[in-house]
Amino acid sequence: MVRQVTGALESSRFSWGVRLKNLFDSIDELNQSKIFSNVERELLIKKLTQTRNYYTHGDSKDKYPKLITDISEMYETTLLLREVLRYYIYQELRMKYEYIGF
């Protein structure tokens, strides 16, 4: 499990979007359906990628039409990503993960 996650995050030959997709796809199907129940994952990946690129490179906002700027969307996205992180922490500790919502 650690190698799978580490490989998905550290590989320099994959774009940020591909790394996120690999990370999200590595979650078992039952928990994927719970964590991402109200979210289109491909759109989320585009939004996260464009938002990351905007804040990392400081380009014009016009270059990133999917940039997350709404404070409510930022908050909900943060909660979702916290849940993904919690899932992987439980996996790493070999604990049973139970989705409790956010």
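Residues numbered from 1 in each chain as written. Predicted model: local features only at pLDDT ≥ 70, side-chain atom pairs only at ≥ 80, totals over all residues. Heavy atoms only, no water.

*Asks:* Now, about the overall build of the protein: what can you tell me, with residues and values included?
*Replies:* Each helix and strand in the protein was counted, giving five helices and zero strands. Secondary structure elements of the protein occur, N-terminal to C-terminal, as α-α-α-α-α. Split into buried and exposed, the 102 residues of the protein put 32% on the buried side. Considering only residue pairs separated by 6 or more positions, the protein has 43% of its internal contacts joining residues 24 or more positions apart. When the accessible surface of the protein is split by element, carbon and sulfur atoms take 52% of a total near 7,100 Å². (Helix = DSSP H or I, 4+ residues; strand = E, 2+ residues; numbered from the N terminus. Buried < 20%, exposed > 50% of the residue type's maximum accessible area, 1.4 Å probe, protein only. Contact = heavy atoms within 4.5 Å. Areas by Shrake-Rupley, 256 points an atom, 1.4 Å probe, with all protein chains shown as cover.)

*Asks:* Provide a residue-level description of the confidence of the model for the protein, including the pertinent values.
*Replies:* With 87% of its residues at a pLDDT of at least 70, the protein reaches an overall mean of 89. Helix H1 (residues 2-10) is the least confidently modelled element of the protein, averaging 56 in pLDDT, while helix H5 (residues 71-92) averages 96, the highest of any element. (pLDDT = per-residue confidence, 0-100.)

*Asks:* Lay out the pattern of salt bridges in plain terms, naming residues and giving numbers.
*Replies:* This model, assessed by the stated rule, comprises six salt bridges. A salt bridge links Lys63 to Asp59; the shortest N-O distance between them is 3.5 Å. Through salt bridges with shared partners, one network takes in Lys21, Asp25 and Arg41. (Salt bridge = Lys/Arg side-chain N within 4 Å of Asp/Glu carboxyl O.)

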